[in-house]
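Structural overview for review
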Amino acid sequence: MPYVQVDTNLWAVMRYPKDRPVAMIQGLANRDNVPLFFVMTWHPEPSKRRVVSQHDTLEEANGSVLWDTSTVTQTSLANAGPANGRR
């Protein structure tokens, strides 16, 4: 569950890099009081965030934000090899 609740209906989605969110999830309800969760691009200034998708649950919204696996891949390649460290 790599998201952090920052307000009543606002969550910051944390991925890589870990020093800032990669997306925000805003929870709202429609006229029929059905909850909806909107995934927005991250920007420190809220007026510059843009909605990119809409979901029925917080978990679906969080799952729609992909991980940047390049950092993990680079670390894995640098550390791959025999246990004794010899290549």
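Everything discussed here concerns the structure shown above.
A brief look at the structure comes next. The model shown is predicted, which means the values in this text are computed figures rather than measured ones. (Residues numbered from 1 in each chain as written. Predicted model: local features only at pLDDT ≥ 70, side-chain atom pairs only at ≥ 80, totals over all residues. Heavy atoms only, no water.)

Looking now at the overall build of the protein. Secondary structure assignment for the protein yields two helices and five strands. Going residue by residue from the N terminus, the α and β elements of the protein occur as β-β-β-β-β-α-α. For the protein, the proportion of its 87 residues judged to be buried stands at 25%. The long-range share in the protein, meaning contacts at least 24 apart out of those at least 6 apart in sequence, stands at 23%. (Helix = DSSP H or I, 4+ residues; strand = E, 2+ residues; numbered from the N terminus. Buried < 20%, exposed > 50% of the residue type's maximum accessible area, 1.4 Å probe, protein only. Contact = heavy atoms within 4.5 Å.)

With that out of the way, let us pick up the nonpolar core. In summary, soluble globular proteins display a tendency toward joint burial of nonpolar side chains. In this structure, Y3, W11, V13, A23, I25, F37, V39, L58, A61 and V65 together form the largest nonpolar core, which totals ten residues. Sequence-distant contacts of F37, that is, excluding residues within four places in its chain, are made with W11, I25, Q26, G27, S53, Q54, H55, D56, T57, L58 and A61. (Core = buried A, V, L, I, M, F, W, Y, C linked by side-chain atoms within 4.5 Å.)

The next thing to look at is the packing of aromatic side chains. Each aromatic ring pair is specified by the distance between its two centres and by the angle formed by the two planes. Considering all chains together, one arrives at one aromatic pair under this definition. Judged by centre distance (5.9 Å) and plane angle (55°), the ring pair of W11 and F37 falls under tilted. With W11 in strand β2 (residues 10–13) and F37 in strand β4 (residues 35–41), this pair connects stretches of sequence that are 26 residues apart. For the pair formed by W11 and F37, the shared burial category is buried. (Phe/Tyr/Trp six-rings, centres within 6.5 Å; stacked < 30°, edge-to-face > 60°.)

The pairing of strands in a sheet happens through backbone hydrogen bonds and is either parallel or antiparallel. Across the sheet, which stays open at both edges, the five strands sit in the order β1-β2-β3-β4-β5 with antiparallel pairing between neighbours. Across the chains shown, the open sheet's two edge strands, defined by having one partner strand only, are β1 (3–7) and β5 (51–55). On average, adjacent strands in this sheet sit at an angle of 25° to one another, irrespective of strand direction. (Pairing = 2+ DSSP bridges. Axes fitted to C-alpha atoms, helices over the stretch in contact; angles between N-to-C directions.)

One non-glycine residue, N33, adopts positive backbone phi at about 65°. Turning to its location among the elements, N33 is positioned in the loop between β3 (23–29) and β4. On the basis of relative accessibility, which here comes to 61%, the residue N33 falls in the exposed class.

The next thing to look at is the pairing of β2. Every second residue of β2 is oriented toward a common face, with L10 and A12 on one face and W11 and V13 on the other, all of them buried. With four bridges joining them, β1 and β2 adopt antiparallel strand pairing. Across the sheet, Y3 pairs through a bridge with V13, a residue of β2. Here β1 folds back onto β2, and the loop between the two strands holds two residues. Relative to β3, β2 is paired through four bridges, and the arrangement is antiparallel. In the strand pairing of β3, W11 is matched with I25.

Just geometry here; none of it tells us what the structure is for.
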